[in-house]
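Report on the structure
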Amino acid sequence: MTPIIALDFKDQATTLDFLKAFPQTERLFVKIGMELFYAEGPAVIKAIQAAHPVDIFLDLKLHDIPNTVEKAAWQLGRLGVALTTVHAAGGKDMMLAAKRGLLAGAKAAHHPAPKMLAITHLTSTDQAMLENQLSIDMPISQAVQRLAAIAQASDADGVVASALETPLIRSVTKPDFLVVTPGIRPRGTAVGDQKRVVTPGRAKRLGSSAIVIGRPITQADDPVAAYQSIKKAWETAHD
Ligand code: C5P
């Protein structure tokens, strides 16, 4: 998979303006998150698909009772996106319901079914929070590994995780299980609020299936050049 550009923009106009710089011959993989989706609704997906050749990762992190999630996932399955997310913490029944909803929604709209990624523990969760607030008394790496194994047994196609956790996850999942990794920074770029960052090449060497990268591209003076250089580093595994 080509590097996934996180389109963390506040509205559709800014998003389309950003995409305009990329040649139409360059098929892109882009991530739409809650801010843009809640601002513009499903119409923003159609607008992006119409503006540029793209695969879309719709990152809405569903987490509710299985019945509600199945119905919400049905709606997402109709949109023609490639990837979606749910919280593994919602449990096995919820993930199975989400997968059913995605498959049925996609079938109803004659689209290929989106793949479902599970969020294990957010990278904003640390050991103290795990123990004191979530009452999970085990090392966070083990807790992540455990949720990844549960996600795989619940029909998830993969997980979103730090590239640094990839080898641990790969040790308990099948080879085709996707491990999609944000927290990517090319050498010499601003880290921002990310804490443990990894270069595109190192993410590849650690076994990531795909990287998600936002600000080093969206805030660059030349986003197309920044993207090309990140793509090259990812493809060659040389930082
Ligand atoms: O700009 P930056 O490269 O930090 O963007 C990373 C993207 O990945 C953002 O959309 C962020 O919400 C998302 N993400 C993350 N860490 C996670 C899960 C998602 O940075 N654990």
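This structure is a prediction, so every number in the text was calculated from the model and none was measured. Residue indices begin from 1 for each chain and proceed along its sequence in written order. Where totals are concerned, whole chains, interfaces and linings use all residues; where local detail is concerned, this predicted model gives features only for residues with pLDDT of at least 70, and gives and counts side-chain atom pairs only at 80 or more. Side-chain metrics in this entry use all non-hydrogen atoms of the structure; hydrogen atoms and water are not considered.

1. Focus on the sheet that holds strand β6 (residues 158-160)
Within a sheet, adjacent strands bond to each other through the backbone by hydrogen bonds, running parallel or antiparallel. Strands are labelled as partners when DSSP assigns at least two bridges between them. The helix count covers DSSP runs of H or I at least four residues long, the strand count covers runs of E at least two residues long, and both are numbered beginning at the N terminus. In spatial order, the strands read β1-β2-β3-β4-β5-β6-β7-β8; together these 8 strands close into a barrel with parallel pairing. Between one strand axis and the next, the sheet turns by 25° as a mean value, whatever way the strands run. As judged from the 3 bridges shared by strand β1 (residues 4-6) and strand β2 (residues 28-32), these two strands associate in the parallel manner. When the bridges of β2 are listed, Ile-5 appears paired with Val-30. Here, residues are in contact when the closest pair of their heavy atoms is within 4.5 Å. Only the stretch in contact is used when a helix axis is fitted, and all axes are lines through C-alpha atoms; the angle between N-to-C directions ranges over 0 to 180 degrees. Here helix α11 (residues 223-236) sits on the sheet in contact with β1, β2 and β8 (210-213), set at roughly 155° to β8.

2. A short note on the UniProt feature "domain: Orotidine 5'-phosphate decarboxylase" (unreviewed entry) in the protein chain
UniProt positions are given in the numbering used here, feature names are shortened, and annotations may be inferred rather than shown by experiment. Residues given the UniProt feature "domain: Orotidine 5'-phosphate decarboxylase" (unreviewed entry) here are residues 2-230. Note that residues 2-230 is 42% helix and 17% strand, and that its end C-alpha atoms are spaced 10 Å apart.

3. A closer look at the nonpolar core
Nonpolar side chains tend toward joint burial in soluble globular proteins. If you look at the biggest cluster of nonpolar residues, it comprises 53 residues, and the most contacted ones within it are Ile-5, Leu-7, Val-30, Ile-32, Ile-45, Ile-48 and Leu-58. The dominant element in this core, judged by the number of residues it contributes, is strand β3 (residues 54-62), at 5 residues. Ranked by size, the runner-up nonpolar core spans 12 residues in total, among them Phe-57, Leu-83, Leu-178 and Val-180. For this analysis, a nonpolar core means a set of buried residues of the types Ala, Val, Leu, Ile, Met, Phe, Trp, Tyr and Cys, connected via side-chain atoms within 4.5 Å. Throughout this description, buried means an accessible area under 20% of the type-specific maximum (1.4 Å probe, protein chains only), exposed means over 50%, and partly exposed covers the range between.

4. As for the UniProt feature "active site" (unreviewed entry) in the protein chain
The feature "active site" (unreviewed entry), as annotated in UniProt, sits at Asp-59, Lys-61 and Asp-64 in this numbering. Considering only the residues just annotated, the largest pocket is lined by Asp-59 and Lys-61. Structurally, the position occupied by Lys-61 is in strand β3. Overall, Lys-61 belongs to the partly exposed group, its relative accessible area being 23%. The residues contacting Lys-61, other than those within four sequence positions of it, are Met-34, Thr-85, Val-86, His-87, Ile-119 and Leu-122. Site definitions follow a grid-based scheme: protein atoms alone, a 1 Å grid, a 1.4 Å probe that fits but cannot get out for cavities, and for pockets an open set with protein on both sides within 12 Å along at least five of seven lines, plus lining residues having an atom within 4 Å of a point.

5. Overview of unusual backbone geometry
At Lys-61, a residue that is not glycine, the phi angle is positive and equals roughly 45°. The backbone phi angle of His-110 is positive, close to 60°, even though this residue is not glycine. Assignment of secondary structure puts His-110 in the loop between α5 (92-108) and β5 (115-119).

6. Thoughts on the environment of Leu-36
By the element assignment, Leu-36 lies in helix α2 (residues 34-40). Relative accessible area serves as the criterion here: at 2%, Leu-36 is assigned to the buried category. Each C-alpha atom of the pair Leu-36 and Asp-222 lies 23 Å from the other, and the pair is 186 residues apart in sequence. Contact partners of Leu-36, with chain neighbours within four places excluded, come to Leu-7, Phe-9, Lys-10, Asp-11, Gln-12, Thr-15, Gly-41 and Val-44.

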